[in-house]
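As a plain string of letters, each chain reads:
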2 protein chains.
Amino acid sequence: MHYPGGAKTINNKYITYGNRGMSLEDDLNHSNNYYLNHDIAVVHKKPTPICIRKVSYNEKNKVINDALFKNPSTTDYNGIYKGKYIDFEAKETKNKTCFPLSNIHEHQINHLKKILYHGGIAFIIVRFISLNKTYYLGADLLIKFKENNNRKSIPFDFFHENGYLLLEGYSPRIDYIKIVDKLFF
Amino acid sequence: MHYPGGAKTINNKYITYGNRGMSLEDDLNHSNNYYLNHDIAVVHKKPTPICIRKVSYNEKNKVINDALFKNPSTTDYNGIYKGKYIDFEAKETKNKTCFPLSNIHEHQINHLKKILYHGGIAFIIVRFISLNKTYYLGADLLIKFKENNNRKSIPFDFFHENGYLLLEGYSPRIDYIKIVDKLFF
């Protein structure tokens, strides 16, 4: 593709993305679209589970008039890479020194345990917003940390020492599949 | 667990389930719970995707006051069995002689194609309600049928000849993993 000004535009775009402060969810949706369109992997974010209490019909559509959010019983993302099942949860924190474990529900931890038991690839992606750093951490390490600690949060250093820093790029923005490939294939 | 009357109650329950005409979705949720609790597989139905237009807050909860249903871009079910990614769509039809292809969106077909490309296990489960018969059909056969035919429906006989009949049982109600195991492991 030819952009007026060539690579400069791409650089500008890169800078823009960085400055705009896109959410982790936006970055991951963008990356998943990239993986999908380039036949690298198929990963989708699951829709938010809701409990519908009232619907009505207008001329064109069925409309939801009353509904509540439900607690998700699984993680937000799953899909396939090279035939294998992959599954992860993604969270942002404004905290500068640690990741509060209250961000991940107990049933999500249990779900990740199940995925590991069945031979799947399970992990979490955590972004420290104020530090502008995003990490990949294996679900096995998350589970071990929870089992061996009474702490209600995982220190930043734990991510730095045991996780993998995900650098922000242009496309895909967050190349977590690169880490999965390195670790499992 | 002790039921008053012992096994009889279970038999009664079995008969009751059969007579009650549970929906395919109920049967599959029940089967997936069975697989989950017995550490056989982890398969979940994805929540229905919606587009939220208005929310409000009452004392306890965030409430959705206005939302629309969106067309799903993937199938309804996915998960893991023996490390492999599995993915399927489940549909019921009242039609006695064929399964109308309008039941499965074009982007769902494309999704199934992608899953096959990436080495996943992809299929559809179709229940002919009036015939009380439920079939497993490989996504490859569904795709081939669509490519080689101008027909807008798949004849019942095609399922009978190319699919696998899923007998209804007590627990799991629809043992589709048995077919997956036979075909892929």
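Residues numbered from 1 in each chain as written. Chains lettered and ligands numbered in written order. Predicted model: local features only at pLDDT ≥ 70, side-chain atom pairs only at ≥ 80, totals over all residues. Heavy atoms only, no water.

**Some thoughts on the packing of helix 3 (residues 106–117) of chain B against helix 4 (residues 139–148) of chain B**
All names here are of chain B.
Item 1. Across the interface, helix 3 lies against helix 4 with an axial gap of 10 Å and an inter-helix angle of 125°. In terms of axis orientation, helix 3 runs oblique to helix 4. Between helix 3 and helix 4 lies a crossing whose hand is left-handed. Packed against helix 3, whose contacting residues are Glu106, Ile109, Leu112, Lys113 and Leu116, the element helix 4 presents Ala139, Asp140, Leu142, Ile143, Lys146 and Glu147 at the interface. (Axes fitted to C-alpha atoms, helices over the stretch in contact; angles between N-to-C directions. Helix = DSSP H or I, 4+ residues; strand = E, 2+ residues; numbered from the N terminus. Parallel < 35°, antiparallel > 145°, perpendicular 65-115°, else oblique. Left-handed = near helix turned anticlockwise from the far one by under 90°. Contact = heavy atoms within 4.5 Å.)

**Side note on helix 4 (residues 139–148) of chain A**
Residues and elements named next belong to chain A.
Item 1. Residues Ala139, Leu142, Ile143 and Phe145 constitute the buried set of helix 4. Buried residues in helix 4, looked at end-on, bunch into an arc of 160°, giving them a common side. In helix 4, those exposed residues whose orientation departs by more than 90 degrees from the buried face are Glu147 and Asn148.
Item 2. Looking at the buried positions of helix 4, the neighbouring elements they touch are helix 3 (106–117), strand 7 (121–128), strand 8 (133–138), strand 9 (153–155) and helix 5 (156–162). (Buried < 20%, exposed > 50% of the residue type's maximum accessible area, 1.4 Å probe, protein only. Arc of directions from axis to C-beta.)

**Considerations on the relation of the copies chain A and chain B**
Item 1. Least-squares fitting of chain A to chain B yields an RMSD of 0.0 Å, with the transformation described by 0.0 Å of translation along the axis and a rotation of 180°. In short, the pair behaves as if placed about a two-fold rotation axis.
Item 2. A share of 100% of the interface residues of chain A reappears at the interface of chain B, consistent with the copies meeting face to face through the same patch. (Least-squares fit on C-alpha atoms with pLDDT ≥ 70 in both.)

**Notes on the sheet that holds strand 3 (residues 62–69) of chain A**
Item 1. One open sheet accounts for four strands, arranged 2(A)-3(A)-3(B)-2(B); its pairing is antiparallel. Among the strands making up the open sheet, the edge pair consists of strand 2 (50–57) of chain A together with strand 2 (50–57) of chain B. Between one strand axis and the next, the sheet turns by 25° as a mean value, whatever way the strands run.
Item 2. Sheet analysis places strand 2 of chain A next to strand 3 of chain A, joined by seven bridges and oriented antiparallel. Paired with Lys54(A) across the two strands is Asp66(A), which belongs to strand 3 of chain A. (Pairing = 2+ DSSP bridges.)

**Things to note about the confidence of the model for chain A**
Residues and elements named next belong to chain A.
Item 1. Overall, the prediction assigns chain A a mean pLDDT of 89, with 89% of residues at 70 or greater.
Item 2. Contacts for the low-pLDDT stretch residues 1–20, under 50 throughout, to residues beyond four places or in other chains number 14 contacts.
Item 3. Confidence metrics for the complex model read pTM 0.86 and ipTM 0.86. (pLDDT = per-residue confidence, 0-100.)

**Considering the nonpolar core**
As a rule of thumb, soluble globular proteins bury nonpolar side chains together.
Item 1. Ile124(A), Leu142(A), Phe159(A), Ile124(B), Leu142(B) and Phe159(B) are the most contacted members of the largest nonpolar core, which totals 48 residues.
Item 2. Residue contacts for Ile124(B): discarding those within four places in its chain leaves Glu89(B), Phe99(B), Ile104(B), Leu112(B), Tyr135(B), Tyr136(B), Leu137(B), Leu142(B) and Phe159(B). (Core = buried A, V, L, I, M, F, W, Y, C linked by side-chain atoms within 4.5 Å.)

**Observations regarding the interface of chain A and chain B**
Item 1. Contacts between the two partners involve 38 residues from chain A and, on the opposite side, 38 residues from chain B.
Item 2. Between chain A and chain B the total buried area reaches about 3100 Å² when both faces are included, carbon and sulfur atoms providing 66% of it.
Item 3. Per-residue buried area on chain A facing chain B is highest for Ile64(A), Phe69(A) and His118(A); these three make up 20% of the total on that side.
Item 4. Seen at the junction of chain A and chain B, the total is two salt bridges.
Item 5. Contributions of two or more residues to the side of chain A that touches chain B are made by strand 1 (42–45), strand 2, strand 3, strand 4 (77–81), strand 5 (84–93) and helix 3 of chain A. (Buried area = accessible area lost by both parts, 1.4 Å probe. Salt bridge = Lys/Arg side-chain N within 4 Å of Asp/Glu carboxyl O.)

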